[in-house]
Amino acid sequence: MRHSTVFSSLVAAGLLIGLAACTPSGDSATVDQNGVDGACAVAGSASDAIAIVGDYGQKPDFEFDGPLSPDTTERTVITEGDGAAIDEGDIVDLNYSIINGATAEEIESTYDQGTSVQLRVDSSAPVLSGLSKTIACATEGSRIVGVIPPVDAFGEAGAPEFGLEASQSLVFIADIVRIAPEPLARAEGEPQDAPETFPTVELAESGIPTITIPDSAPPAGYEEATLILGDGDVVPDGATVTVHYTGINWNTGEVFDSSWERGQPASFPTGGVIPGFRDALVGSTVGSQVVAIIPPELGYGPQGGTPDGSIGAEDTIVFVVDILGFAG
């Protein structure tokens, strides 16, 4: 399944919740609120040198004279929230802007996308640990700014794909929305009956679905049914969802994509997937399992199918989706 990602190197580093959902939490040691163990960054001359204008929740304006070159990650609290403190292992909903600490050029901002994202706090991560060090020990409702040296970012290689040279630091401005609940491992709720004309879905003990396509032509239009009705919150349009899914081609009977086979859930914004997949997500509740029959015009038909040929331009596809959580 094609979908867009937010700051692709975060995804590659396993920091966004979609790739970190299986990371253990709860057994981690409590973060030292004074930052003595190195997990929590403290203010320094670099982070204090950044002038930030704007209200919490709105995209910040910033100004500083670069280059900013701290030896360790520094964090200054711009506005302190009155919520719970962030601990190691927590999943955090946040909005952020990331800026080159030498040139003051913005690399990316989630404020432009209209939805928050989720990040699991992991200050020992091999890449971009400075993001977690900036967030750890802050409180819900806070606006913070961190300056992250290469050692806590991308290391000696830098990130040339983002215009970041090896010696350049990152500036990370974040609004912490909340500590998010742990995503579910699989759909949980009341079983529901699907129409007889739908594909049949059998679940392994682990929750992995096996999908059997009927020996008939696919329906002409989009169809959807709930197989398990969860009692969680309703997924709004624009949210970043965490799901397990399997996709199968009605016309060939072949599975073309499955997060279950990769061994970890996926996370993406509802606006970053094909329309038929988005329609299966928006309006469903967390904990639900949904089966969606997606005609070519709402799938890969407008794109001429997939490059690998697993889905043709006229093929109907089926997704079975476990909705595990969302941010935004």
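For the structure, check the block above.
Every value quoted in this text rests on a predicted model; they were computed, and no experiment measured them.

Q: Would you take a moment to explain the overall build of the chain for this structure?
A: What the chain contains, in helices and strands, is six helices and 17 strands. Within the span of the chain, comprising 328 residues, buried residues form 52% of the whole. Look at the contacts in the chain between residues 6 or more apart in sequence, and 77% of them connect residues 24 or more apart.

Q: How do you make sense of the layout of surface pockets when you look at a structure like this?
A: The computed volume of the second largest pocket comes to approximately 180 Å³. Together, 13 residues line the second largest pocket, and Arg178, Pro181, Val286, Gly325 and Phe326 are the ones closest to its centre. Looking at the lining of the second largest pocket, the elements with two or more residues in it are β8 (170-180) and β17 (317-327). In terms of residue class, the lining of the second largest pocket is built from seven nonpolar, three polar and three charged.

Q: Explanation requested: the packing of aromatic side chains in the structure shown.
A: The way to describe two aromatic rings as a pair is by their centre distance and the angle between their planes. What the rule picks out here adds up to eight aromatic pairs. On the numbers, 5.9 Å between centres and 70 degrees between planes, the contact of tyrosine 245 with phenylalanine 319 is edge-to-face. Residue tyrosine 245 is located in strand β13 (residues 240-249), and its partner phenylalanine 319 is located in strand β17; the two are separated by 74 residues in the primary sequence. Here the aromatic rings of phenylalanine 268 and phenylalanine 277 are separated by 5.6 Å at their centres, their planes lie at 65 degrees, and the arrangement is edge-to-face. Exposure remark for phenylalanine 268: the relative accessible area of 0% places this residue in the buried category.

Q: Even after reading the chapter, I still don't get the environment of serine 169, so can you show me in this structure?
A: By the secondary structure assignment, serine 169 is in the loop between β7 (143-148) and β8. Taking relative accessible area as the criterion, serine 169 reaches 2% and is therefore assigned buried. Separated by 17 residues in the primary sequence, serine 169 and aspartate 152 place their C-alpha atoms 9.0 Å from one another. With residues up to four places along the chain from it excluded, the contact list for serine 169 reads Leu68, Ile99, Asn100, Gly101, Ala102, Val147, Ile148, Pro149, Pro150 and Leu164.

Q: It is not clear to me how unusual backbone geometry should be interpreted in this structure. Could you clarify?
A: Backbone geometry follows two general trends: most residues other than glycine have a negative phi, and most peptide bonds adopt the trans configuration. For the bond from glycine 66 to proline 67, the omega torsion is 0 degrees, close enough to zero to count as cis. Backbone geometry at leucine 128 places phi at a positive 60 degrees, although glycine is not the residue there. Of note, leucine 128 is situated in the loop between β6 (117-120) and α4 (129-135). Here leucine 128 falls in the buried class, since its relative accessible area comes to 0%.

Q: What's the story with the state of the cysteines in this structure? I'm lost.
A: Each disulfide consists of a covalent bond between the sulfur atoms of two cysteine residues. Under the criterion given, the structure shown has one disulfide. One disulfide in the model links cysteine 40 with cysteine 137; its S-S distance is 1.7 Å. Here cysteine 40 is found in the loop between α2 (17-20) and α3 (45-48), whereas its partner cysteine 137 is found in the loop between α4 and β7, with 97 residues between them in sequence. Taken individually, cysteine 40 and cysteine 137 each receive the classification buried, so the pair is uniform in this respect.

Q: Please explain the side chain of aspartate 175 as it appears in this structure.
A: Here aspartate 175 lies in strand β8. A residue is classified by how much of its surface remains accessible, and aspartate 175, at 1% relative accessible area, is buried. In terms of polar contacts, aspartate 175 uses its side chain to reach the side chain of tyrosine 111, at 2.9 Å. Contacts of aspartate 175, omitting those with residues within four sequence positions, involve Tyr56, Gly57, Gln58, Asp93, Leu94, Asn95, Tyr111, Ser142 and Arg143.

Q: How should the side chain of aspartate 315 be read in this particular structure?
A: Residue placement: aspartate 315 occurs in the loop between β16 (289-294) and β17. Within the local environment of aspartate 315, its side chain forms a polar contact with the backbone nitrogen of glycine 312, the two atoms lying 2.7 Å apart. With near-sequence residues (within four places) excluded, aspartate 315 lies in contact with Asn249, Asn251 and Pro296.

About the criteria used
- Residues numbered from 1 in each chain as written.
- Predicted model: local features only at pLDDT ≥ 70, side-chain atom pairs only at ≥ 80, totals over all residues.
- Heavy atoms only, no water.
- Helix = DSSP H or I, 4+ residues; strand = E, 2+ residues; numbered from the N terminus.
- Buried < 20%, exposed > 50% of the residue type's maximum accessible area, 1.4 Å probe, protein only.
- Contact = heavy atoms within 4.5 Å.
- 1 Å grid on protein atoms, 1.4 Å probe; cavity = no way out; pocket = protein on both sides within 12 Å on 5 of 7 lines; lining within 4 Å.
- Points joined across faces, edges and corners; volume = space filled by probe spheres on them.
- Nonpolar A, V, L, I, M, F, W, Y, C, P; charged D, E, K, R; others polar.
- Phe/Tyr/Trp six-rings, centres within 6.5 Å; stacked < 30°, edge-to-face > 60°.
- Disulfide = S-S within 2.5 Å.
- Polar contact = N/O pair within 3.5 Å; in protein donor to acceptor, adjacent residues only side chain to side chain.

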